[in-house]
Amino acid sequence: MKQTESMNTHESAGETPVFDVLISGGTVIDGTGAPRYQANVGIKGDTIVAIGDLPENSGATVIDATNKVVAPGFVDVHNHSDSWLLNTPNFLSKTSQGFTTEVIMADGISYAPVDRCTAADWVYYLQSLDGLYPHEYTGWESLEDYMNLIDGKNVQNVMTHIPYANLRSMACGFGRQRVDDFQMKQICAEVRKGMEAGAVGLSTGLDYVAQCFSTTDELVEACQAMAEYDGLYVSHIRYKKTLMPAIEELVEIGKRAGVKVHISHMKGQYAGQAEEALEYIDKVARHEVDISFDVYPYQPGSTMLHFLLPYEVFEDGPKKAIEKLKLPEMRLRFKYGLENYLLDISAIQIAWVLTEKNKQHQGKSLSRYVEESGLPKEEALINLLIEEEMAVLLVFNMGDDRLVDPVLKHDLYMMGTDGIFMEGGMIHPRQFGSAPRLIGPCVRDHKLFSLEDAVYKLSGSAAKRFGMKNRGFIKEQHFADLVIFDPETVQDHATYDNPQQLPSGIDYVFTNGIPIVHDNQPLEISSERLPGRYLRYQPK
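Along each chain, the written sequence defines residue order, and numbers are assigned to residues from 1. Restriction of local features to residues with pLDDT of at least 70 applies here, the model being predicted, together with a cutoff of 80 or more for giving and counting side-chain atom pairs; totals for whole chains, interfaces and linings are based on all residues. Side-chain numbers come from the whole structure's heavy atoms, not from hydrogens or water.

Undergrad: Is there a simple way to think about the nonpolar core in this case?
TA: One broad trend across soluble globular proteins is that nonpolar side chains are buried collectively. With 166 residues, the main nonpolar core has Tyr146, Leu202, Tyr233, Ile291 and Phe485 as its most contacted residues. The greatest single-element share of this core, amounting to eight residues, is contributed by helix α8 (residues 243-257). Excluding anything up to four places from it in sequence, Leu202 contacts Ile162, Tyr164, Leu167, Val191, Ala222, Cys223, Met226, Leu232, Tyr233 and Val234. Take the buried Ala, Val, Leu, Ile, Met, Phe, Trp, Tyr and Cys residues and link them wherever side-chain atoms come within 4.5 Å; each set so joined is a nonpolar core. Only protein chains enter the accessibility calculation, which uses a 1.4 Å probe; a residue whose area is less than 20% of its type maximum is buried, one above 50% is exposed, and one in between is partly exposed. Within the second largest apolar cluster, 16 residues are counted, among which are Ile23, Ile48, Ala65 and Val70. Secondary structure elements follow DSSP: runs of H or I of four or more residues count as helices, runs of E of two or more count as strands, with numbering from the N terminus. Whether two residues are in contact is decided by their heavy atoms, any of which lying within 4.5 Å being enough.

Below, the structure is given as structure tokens:
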């Protein structure tokens, strides 16, 4: 680590230091939910080796954390960082928030596993969600191949799900046909292969391509293949079917398959809906199945424009979707769909597009874009998708953020940012602001919970649930993934009008004993291998 005056560090003199780094004078919030306490923290190599009243001269480098909180590194259990972790050594929009571990391949869709028949389709489909360009695909196929490409090439740790739609598309294509016995054997074999490679469990996105056609019985059988590994079933449930039936299906899958379940980005769409779901979870679900959930501390959401298309557009695969969009009957179906969704397109913003031709429209509402086109909305939006090779990202700027508060306060909640990054895009501010919002305004201003609880939701809770051995807590012999922040000033600054703004109040971030960020600046790391690791799932 470079020593500079602005970093509030100094090198110890005298005797040979006991620790590589000593964090001195800080207030430890250890990630368990227990009350904070004053202590120094000693790091040697990648490990926390001592906590307590440690001598100031015992560290080769000493960081003054007076009036600051020392917390475990934060964990993001739901995100769309898949390609960015592959290609960006220090993903600053996340590391500046204190995230030291990301769990990727959410929503049942990602870049692995693939085969020669599906790889191009997945890269094409995910351009406006996970950010990989076709020329960046280098030929990997298995989940383990992909994860090994990230291991040691990034400053963050990374874990993975097994994305279900990838398995289904390899076994039987992208269509709506029932999975037969032969195909199910292939899917289950891939599930076991993924678990052997260290995956957390199976992820689904039941409103997305291919898996939208999966029946409950099919999902039960796929989950049964990971039961012997104590895998976690993590699902973007069928939100298009409405919240309660979607949660009830998840609970049924967990019960029948004998697996733990987790709801991705759980929230209601109107006042009282989240409370109804939480009442069901407390009174029924948690007594029938081991359940948890995540969400980000914002009510508005974000996803791809083609999410709004009829499912049959993708039945022959994403690469053939544009041919279908040119059919008059498909445009008519899309028109009916837009009407039935009852969406206020004046509150939906174009966040990012693929080509330079249409960059001028980023930040515009869909209603303004349609008005400027002079075409009916279904024609204007389909034409935009065709021009952009289907790669259009939206932000749905609807709803009061306070609607999500009951979910954030619940004891089964943990952080999932659902962050989507696009360079230069008018993206959702959750990509830059989720963690500082939770430990800052949600604690100080809205008083939803204590700072100890907020840190637990960002670290220990996720580490336990997602099988991260010796992480998520400040304890001796645990890995030194750490965040140092000012509890009085930590703050998110990203907005819908100016979303790519780094937070303030987060001083240092460490991964495996190596400092990776100081005051929003990525730190130089001299070794060729970066400190981030591919973490294998290790349930208790």
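The rest of the description comes next.
Undergrad: Got a minute to help me understand empty space enclosed by the protein in this structure?
TA: Vacant regions in the atomic arrangement are exposed by a probe of water-molecule size rolled over the atoms. Put plainly, a pocket is an open set of points on a 1 Å grid over the protein atoms alone with protein on both sides within 12 Å along at least five of seven lines, a cavity is a set where a 1.4 Å probe fits but cannot get out, and a lining residue has an atom within 4 Å of a point. Grid points are joined across faces, edges and corners, and a volume is the space filled by probe spheres set on the points. Across all of its chains, the model carries three cavities of 30 Å³ or more by this definition. Roughly 60 Å³ of volume is contained in the largest cavity. Residue lining of the largest cavity: Tyr125, Asp207, Tyr208, Val209, Lys240, His306, Phe307, Leu309, Tyr311 and Phe314, and that is the complete set. Under the grouping applied here, Gly and all other residues not named as nonpolar or charged are polar, the nonpolar ones being Ala, Val, Leu, Ile, Met, Phe, Trp, Tyr, Cys and Pro and the charged ones Asp, Glu, Lys and Arg. The residue makeup of the lining of the largest cavity, split by class, is seven nonpolar, one polar and two charged. Volume-wise, the second largest cavity comes out at about 40 Å³. Along the walls of the second largest cavity sit Gly73, Val75, Thr100, Thr101, Ala463, Met468, Arg471, Gly472 and Asp481, which together make up its complete lining.

Undergrad: Sorry, what's going on with the sheet that holds strand β10 (residues 99-104) here?
TA: Strand pairing in a sheet is mediated by backbone hydrogen bonds. Such pairs are either parallel or antiparallel. Strand order in the open sheet formed by three strands is β9-β10-β11, and the pairing between neighbours is parallel. Whereas interior strands pair on both sides, the edge strands pair on one side only; in this sheet they are β9 (74-76) and β11 (157-160). The mean inter-strand angle of the sheet, taken between neighbouring strand axes irrespective of direction, is 20°. Summarising the sheet, β10 and β11 pair through four bridges and their orientation is parallel. Residue pairing in the sheet places Glu102 in a bridge with Val158 of β11. Two strands pair under a simple rule: DSSP has to find at least two bridges between them. Here an angle of 0 to 180 degrees is reported between the N-to-C directions of two axes, which are lines fitted to C-alpha atoms, with helices fitted over the stretch in contact.

Undergrad: Any chance you could explain the environment of Leu86 here in plain terms?
TA: With respect to the element layout, Leu86 can be found in helix α1 (residues 82-87). The sequence separation of Leu86 and Asn148 amounts to 62 residues, and the corresponding C-alpha distance is 9.8 Å. Contacts of Leu86, omitting those with residues within four sequence positions, involve Leu132, Trp140, Tyr146, Leu149 and Ile150.

Undergrad: Could you clarify how one ought to interpret the pattern of salt bridges in this entry?
TA: Side chains that differ in sign of charge can pair as their charged atoms come close. Here, a salt bridge means any side-chain nitrogen of Lys or Arg that lies within 4 Å of a carboxyl oxygen of Asp or Glu. Applying the stated criterion across every chain yields a total of 30 salt bridges. Between Glu144 and Arg536 there is a salt bridge, and its shortest N-O distance comes to 3.5 Å. Taken together, the positions of Glu144 in helix α4 (residues 143-150) and Arg536 in the segment after β24 (521-522) put the pair 392 residues apart, joining distant regions of the chain. For Glu249, the salt bridge is made with Arg238, and the minimal N-O distance between the two is 2.9 Å. Taken together, the residues Glu249 in helix α8 and Arg238 in the loop between β14 (232-236) and α8 connect sequence positions eleven residues apart. The exposure class of Arg238 is buried, given its relative accessible area of 12%. Through salt bridges with shared partners, a single ionic network connects Arg176, Glu312, Glu315 and Arg333.

Undergrad: Explain the packing of helix α15 (residues 430-439) against helix α17 (residues 451-458) to me, please; I cannot follow it from the model alone.
TA: Two packed helices can be described by the angle between their axes and the distance between those axes. Taken N-terminus to C-terminus, the directions of α15 and α17 make an angle of 150°; their axes are 8 Å apart at the nearest point. Relative to α17, the element α15 is oriented roughly antiparallel. Between α15, through Ala435, Leu438 and Ile439, and α17, the contact on the second element is made entirely by Leu451, Ala454, Lys457 and Leu458. Tallied by class, the residues present in the contact of α15 with α17 amount to six nonpolar, no polar and one charged. Orientation is classified from the angle alone, with under 35 degrees giving roughly parallel, over 145 giving roughly antiparallel, 65 to 115 giving roughly perpendicular, and any other angle giving oblique.

Undergrad: Before we go on, may I ask you to explain the side chain of Thr95 in this structure?
TA: When you line up the elements, Thr95 lands in helix α2 (residues 92-95). You can call Thr95 buried: its relative accessible area is 0%. Sequence-distant contacts of Thr95, that is, excluding residues within four places in its chain, are made with Asn90, Val155, Gln156, Val509, Ile516 and Val517.

Undergrad: Sorry, what's going on with α8 here?
TA: Turn by turn, an α-helix covers 3.6 residues, leaving residues three or four places apart pointing in a common direction. By this rule the span expected of a helix is its residue count minus one, scaled by 1.5 Å. The terminal C-alpha atoms of α8 lie 21 Å apart, and with 15 residues this matches the ideal 21 Å at 1.5 Å per residue to within 8%. In this fold, the buried residues of α8 make contact with α7 (216-224), β14, β15 (260-263), α9 (273-288) and β16 (291-295). Positioned one or two residues after α8, Gly258 has a phi angle of 75°, which is positive.

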